[in-house]
Amino acid sequence: MKRTILHVDLDAFFCSVEELRDPELIGKPFVVGGSAEGRGVISSASYAARKYGIRSAMPTARALTLCRDLIVLPARHRIYGEHSRQVMKLLRDSAPVVEQISIDEAFLDVSDDPRGGPQVALELKNEIRERFKLTTSWGVASNKLVAKIATEVGKPDGLVVVPHGEEAAFLAPLPVGMLWGVGPKTQVRLAEHGVRTIGDLAGMSESNLERLIGEHGLDLATKAKGTDERPVTDERETHSMSSERTFELDIADSNELKSILLQLCGNVGQRLRKEELAGETVKIKLRWPDFTTLTRQTKLEQPTNQDGEIYQAAMRLFKRVWREGRPVRLLGVGVSDLGPPVRQLALFSQAWEQDRRLLRAIDEIRARYGSSALQRGGALKRKYKRRSSREENDVS
Ligand code: DCP
Ligand code: MG
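This is a predicted model, so every value here is computed, not measured.

The rules we used
- Residues numbered from 1 in each chain as written.
- Chains lettered and ligands numbered in written order.
- Predicted model: local features only at pLDDT ≥ 70, side-chain atom pairs only at ≥ 80, totals over all residues.
- pLDDT = per-residue confidence, 0-100.
- Contact = placed C-beta atoms within 7 Å.
- Pairing = 2+ DSSP bridges.
- Helix = DSSP H or I, 4+ residues; strand = E, 2+ residues; numbered from the N terminus.
- Axes fitted to C-alpha atoms, helices over the stretch in contact; angles between N-to-C directions.
- Near = placed C-beta within 6 Å.
- Nonpolar A, V, L, I, M, F, W, Y, C, P; charged D, E, K, R; others polar.
- Domains from an automatic or database assignment.
- Expected span 1.5 Å × (residues − 1).
- Buried ≥ 20, exposed ≤ 12 C-beta atoms within 10 Å, placed from the backbone.

## Considerations on the confidence of the model for the chain
With 88% of its residues at a pLDDT of 70 or more, the chain has an overall mean of 86. Within the model, pLDDT remains below 50 along residues 344-353, and this stretch shows 17 contacts once partners closer than five positions in the same chain are excluded. pLDDT under 50 marks residues 372-396. Its contacts with residues more than four places away, or in other chains, come to 30 contacts.

## Details of the sheet that holds strand S7 (residues 136-141)
Strand order in the open sheet formed by five strands is S5-S6-S1-S7-S8, and the pairing between neighbours is mixed. In this open sheet, the two strands that pair with only one neighbour each are strand S5 (97-102) and strand S8 (159-161). Each adjacent strand pair in this sheet contributes to an overall mean axis angle of 15 degrees, direction not counted. Here five bridges tie strand S1 (residues 5-10) to strand S6 (residues 105-109), and the two strands are oriented antiparallel to one another. If you follow His7 over to S6, its bridge partner there is Phe107. Lying over the sheet, helix H6 (residues 144-154) contacts S1, S6, S7 and S8, oriented at roughly 140 degrees with respect to S7.

## Examining the sheet that holds strand S12 (residues 328-339)
Reading across from one edge, S9-S12-S10-S11 is the order of the four strands in this open sheet, with antiparallel pairing throughout. Taken across any chain shown, the strands that pair with only one partner, and hence form the sheet edges, are strand S9 (241-251) and strand S11 (293-304). The mean inter-strand angle of the sheet, taken between neighbouring strand axes irrespective of direction, is 15 degrees. Alignment of strand S10 (residues 278-287) against S12, held across nine bridges, turns out to be antiparallel. The residue bridging Arg287 from the neighbouring strand is Leu330, located in S12. Lying on the sheet, helix H12 (residues 254-274) is in contact with S9, S10 and S12; it crosses S12 at an angle near 30 degrees.

## Details of the site of ligand 1
Every one of the 17 residues lining ligand 1 counts as a neighbour, but Phe13, Phe14, Ser43, Ser44 and Ser56 are closest to it. Counting residues per element, the ones that place at least two in the shell around ligand 1 are S1, helix H1 (13-21), strand S3 (42-45) and S11. For the shell around ligand 1, the residue count by class is seven nonpolar, five polar and five charged. Counting only domains with at least three residues in the shell around ligand 1, you end up with domain 1 (5-12 + 78-169 + 367-381) and domain 2 (14-76).

## Regarding helix H5 (residues 117-132)
Each α-helix turn comprises 3.6 residues. Residues three or four places apart therefore point the same way. Between its first and last C-alpha atoms H5 spans 22 Å; for 16 residues at 1.5 Å apiece the expected length is 22 Å, and the two agree. Residues Gly117, Val120, Ala121, Leu122, Leu124, Lys125 and Ile128 constitute the buried set of H5. Turning to H5, the residues buried within the fold contact S1, helix H4 (77-94), S7 and S8. Phi turns positive, to about 55 degrees, at Lys133, one or two residues after H5.

Right, dumping it as structure tokens:
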């Protein structure tokens, strides 16, 4: 059955909320994030700041070297949460199935809506602007993967529609880094073999792909062709995934413990990737020979399912509690706060930024699939009402 999936993401979310509270900020280069002195990083950058190459997750100190007039505001999470809840409530009241995937992002399945995906997206986009004074970007496609990338291509204030059957053609000219599951290392590896666009990837033989990036390669090939069967699911699952090992003999050797930690992280990472999940919290568990057990956890900047990132976090925690030579009976690693891998897409990041050929391709896609005409009209005519029990379910 053909599906119609919408993806929505608020533009420069934390910054947009700050602009609502202080309109003087509009058009200025500013960020929400930690202070440079406190070695903070940027959470959200205004579009004026992005012109200087400033991005989320960049250290604030570095951003200040790129733009000396940059205004740095501390994050006010409670206020952003309130705005997010209002927008998400409107979405939940307007579509039968809504899956919130981060504070400012959601998927909507509107397959049964007689208005059609583009019209539903347009009406919601207008209503969010009118009621909450926030701009959003929308992707409309037959599946989640393509809808999310469509949103990214149209940002900011975009509405990009990929018609049924055009998924692979739409993705083809885009950089491989925009696909979920292609991290910077895989990108480099693929680039060494001349694979730079999603189309290049889709055109590779299965055997070549498997040789280049392992069994994960086949999964990537499916994505590169624009295929994604995952349903939009109402509730965000928040379980955790972990792996632990009890030793036959207590271990006190630091190299041995590190190597076991690495294996445990690899095990957790692999299972997360298989389930297409990523988590924001990394936890370790340690048991001493006298059976006392302790756990320590840390919150990451972004959700991850990468072995190396899980290991780095786990190792930091481990070093805080373990003293050289102390025997350990059990070691465990877990990742929680799970959701889909909603890492920043790499469209405008690093290497790609330099690549004019790709940027041109993206502009062409915008011209072809972006429905700017659609963005002008349209008052809300009709809304889906959800069952009242749902309306009480605020996602926080
Ligand atoms: N966020 C964060 N740290 C990051 C990335 C994001 O704290 N490394 C927060 C701040 C963002 C919000 O989450 O405002 C939403 O993330 P997005 O990736 O959607 O970024 P923006 O909404 O800021 O910008 P865009 O217009 O690209 O969506
Ligand atoms: Mg956003």
